[in-house]
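Inside the fold
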Amino acid sequence: MAGRRRGRGNNVQQQQALQNQRQGPRGALREPAAFAKSTGCESQIPHDKLSIAQARRGTPAHRPVRVYADGIFDLFHSGHARALMQAKNVFPNTHLIVGVCSDELTHKFKGYTVMTEDERYEALRHCRYVDEVVRDAPWTLTTEFLRKHKIDFVAHDDIPYTSAGSEDVYKHIKEAGMFVATQRTEGISTSDLITRIVRDYDVYVRRNLQRGYTARELNVGFINENKYRLQNQVDKMKETVRTVEEKSKHFVYRVEEKSQDLISKWEEKSREFIGNFLELFGPDGAWHVIQERSGRMLQALSPYSSPRGSPSSSPTRRRSVSPDSSSASASASPSASPSSLSPPSSPSSPKKGTRSSLKATSTYSRHVQ
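Residues numbered from 1 in each chain as written. Predicted model: local features only at pLDDT ≥ 70, side-chain atom pairs only at ≥ 80, totals over all residues. Heavy atoms only, no water.

1. Structural notes on the overall build of the protein
From N to C terminus, the protein includes 15 helices and six strands. Per-residue burial over the protein gives 27% buried out of 369 residues. Restricting the contact set of the protein to residue pairs at least 6 apart, pairs at least 24 apart contribute 68%. With the model as given, the accessible surface of the protein reaches about 27,100 Å², and the carbon-plus-sulfur share is 55%. (Helix = DSSP H or I, 4+ residues; strand = E, 2+ residues; numbered from the N terminus. Buried < 20%, exposed > 50% of the residue type's maximum accessible area, 1.4 Å probe, protein only. Contact = heavy atoms within 4.5 Å. Areas by Shrake-Rupley, 256 points an atom, 1.4 Å probe, with all protein chains shown as cover.)

The following block contains the structure:
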């Protein structure tokens, strides 16, 4: 009895060590899930049969509820992950085992897969909800397989799964009370993903040709290859034109925005200029006031001019001018002849030896008298 307890304690310590090795200090997973051994579960803990009620109440830490979920898991997606999350959390203390069918069985009973079996195994190992992966899982679960891996319950959606000549491959599991149902995620499935690829086949072929795949790798003929390459060139040209259009629109928008700013600033400045002009040169402006004041100052400072009918300009005075003044004025006139410009010589100072001078003087005296 003591040896049995000692063995049970060693097994619990080993499981705890494996769990600590897979998880980090904060519970983060550091290692992928382990592959199940071909010999099955080698735990020495007695595998007592559990009811669903007992499993829901919770089991001791050394006795987790071993739940099994199987499938193809081709193109592993969120729908697969959600189903496994439900299976992991269906009981408080669960050890989730996932069985993945091989390529041979899948191609025989379901059809060709996108991913190989090794790729599908690795995808499941790196799902956080999975504790153990069974490779080459059977298509139909047998009693021997359930005993070999000490499986308590099988988790799957409740829709009858028709395959291999059976209306529901999980019928005997349900009758044995070992079935727990999970919910499917609507809108996502492997068939949906493959349908998208087939529907958009040309798009994906053109994309892979651009990325360097050869037409032979893509199983594309010579004519289709050139057609796809031509379409890629046309798409590039369209993208270039679209880019130029976007840049042109952005440039025009910037120009319009700048022009609007300039127009508004010009209007603002013009209003300011007109206002200042009117304030300075308007009827009541400062310039008009300055002109009035300067006119008054000029009238006060400048003397009045003499009237035209003054005595100095009378014709009587003009006639009574003395011979001396008339001769002087004649001499001052620029249109006078040279003989009339020179004044008559005085008798008291006649030039010596000039008789013509004396004669002219006497003639002038008689004329004056």
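There's plenty left to go through after this.
2. A closer look at the pairing of strand S5 (residues 153-157)
Across the five residues of S5, five count as buried, placing the element largely inside the fold. Of the two faces of S5, the one holding Phe153, Ala155 and Asp157 and the one holding Val154 and His156 are both buried throughout. Pairing of strand S2 (residues 65-71) with S5, which is carried by two bridges, proceeds in the parallel orientation. Paired with Tyr68 across the bridge in S5 is Val154. Alignment of S5 against strand S6 (residues 179-182), held across four bridges, turns out to be parallel. (Pairing = 2+ DSSP bridges.)

3. A closer look at the sheet that holds S5
The parallel open sheet is built from six strands, whose spatial order is S1-S4-S3-S2-S5-S6. At either margin of the open sheet sits one strand with a lone partner, and together these are strand S1 (34-35) and S6. Sheet contacts for helix H3 (residues 78-88): S2, strand S3 (94-100), S5 and S6; angle to S3, the most-contacted strand, approximately 145°. (Axes fitted to C-alpha atoms, helices over the stretch in contact; angles between N-to-C directions.)

4. Overview of the side chain of Arg206
Within the secondary structure, Arg206 is located in helix H9 (residues 201-210). With residues near it in sequence (within four places) discarded, Arg206 still touches Tyr228, Gln231, Asn232 and Asp235.

5. Describing the packing of aromatic side chains
As enumerated under the stated definition, the model contains five aromatic pairs in all. Here the aromatic rings of Phe73 and Phe76 are separated by 6.4 Å at their centres, their planes lie at 45°, and the arrangement is tilted. Lying across the ring of Phe35, Arg135 places its NZ or CZ 4.1 Å from the centre. Here Lys174 stacks its cationic end above the ring of Phe179, 5.0 Å away from the centre of that ring. (Phe/Tyr/Trp six-rings, centres within 6.5 Å; stacked < 30°, edge-to-face > 60°. Lys NZ or Arg CZ within 6 Å of the ring centre and 35° of its normal.)

6. Some points on a nonpolar patch on the surface
On the surface, Phe273, Ile274, Phe277, Leu278, Leu280 and Phe281 cluster together into a nonpolar patch covering about 620 Å² of accessible area. Position of Leu278 among the secondary structure elements: in helix H10 (residues 222-281). On the basis of relative accessibility, which here comes to 52%, the residue Leu278 falls in the exposed class. (Patch = residues over 30% accessible without salt bridge, like charges linked within 9 Å, V, L, I, M, F, W, Y side chains within 5 Å. Salt bridge = Lys/Arg side-chain N within 4 Å of Asp/Glu carboxyl O.)

7. So, the nonpolar core
Of all hydrophobic cores here, the largest spans 23 residues; its most connected members are Leu84, Phe91, Leu96, Val98, Leu124 and Val130. Listed by contribution, the elements that provide at least two residues to this core are S2, H3, S3, helix H5 (117-125) and S5. (Core = buried A, V, L, I, M, F, W, Y, C linked by side-chain atoms within 4.5 Å.)

8. Let's talk about the confidence of the model for the protein
On average, residues of the protein carry a pLDDT of 78, and 72% of them reach 70 or more. Here residues 1-9 is modelled with pLDDT under 50, and outside its nearest four sequence neighbours on either side it reaches five contacts, counting other chains as well. Of the regions scoring below 50 in pLDDT, residues 345-354 engages in three contacts with residues more than four places distant in sequence or in other chains. (pLDDT = per-residue confidence, 0-100.)

9. A closer look at the pairing of S2
Counting buried positions along S2 gives seven out of seven residues, so the element sits mostly inside the fold. Side chains of S2 alternate between two faces, with Val65, Val67, Ala69 and Gly71 and Arg66, Tyr68 and Asp70 buried alike. Both S2 and S3 contribute to a ladder of seven bridges, which runs parallel. Residue Val67 lies in a different strand from S3, and its bridge partner there is Leu96.

10. Thoughts on the packing of H9 against H10
Interhelical geometry of H9 versus H10 gives an angle of 80° and a closest axis separation of 10 Å. As far as their axial angle goes, H10 and H9 are roughly perpendicular. When H9 is examined against H10, the residues Tyr201, Asp202, Val205, Arg206, Leu209 and Gln210 are found in contact with a partner set consisting of Glu225, Tyr228, Arg229, Gln231, Asn232, Asp235 and Lys236. (Parallel < 35°, antiparallel > 145°, perpendicular 65-115°, else oblique.)

11. Let's talk about H10
The first and last C-alpha atoms of H10 sit 87 Å apart over 60 residues, in line with the 88 Å expected at 1.5 Å per residue. Considered for burial, the residues of H10 that qualify are Glu225, Tyr228 and Asn232. (Expected span 1.5 Å × (residues − 1).)

12. Examining H9
Of the positions making up H9, those classed as buried are Val205, Arg206, Asn208 and Leu209. One side of H9 holds all its buried residues, which, seen down the axis, span an arc of 165°. Those residues of H9 hidden inside the fold are in contact with H10. Where H9 terminates, the next one or two residues include Gly212, which has phi positive at roughly 110°. (Arc of directions from axis to C-beta.)

13. Looking at unusual backbone geometry
Of note, the phi angle at Phe73 is positive, near 60°, even though the residue is not glycine. If you trace the backbone, Phe73 turns up in the loop between S2 and H3. Overall, the relative accessible area of 7% leaves Phe73 in the buried class. Of note, Leu75 is a non-glycine position whose phi angle comes to about 50°, a positive value. Relative to the assigned elements, Leu75 resides in the loop between S2 and H3. For Leu75, a relative accessible area of 18% translates into the label buried.

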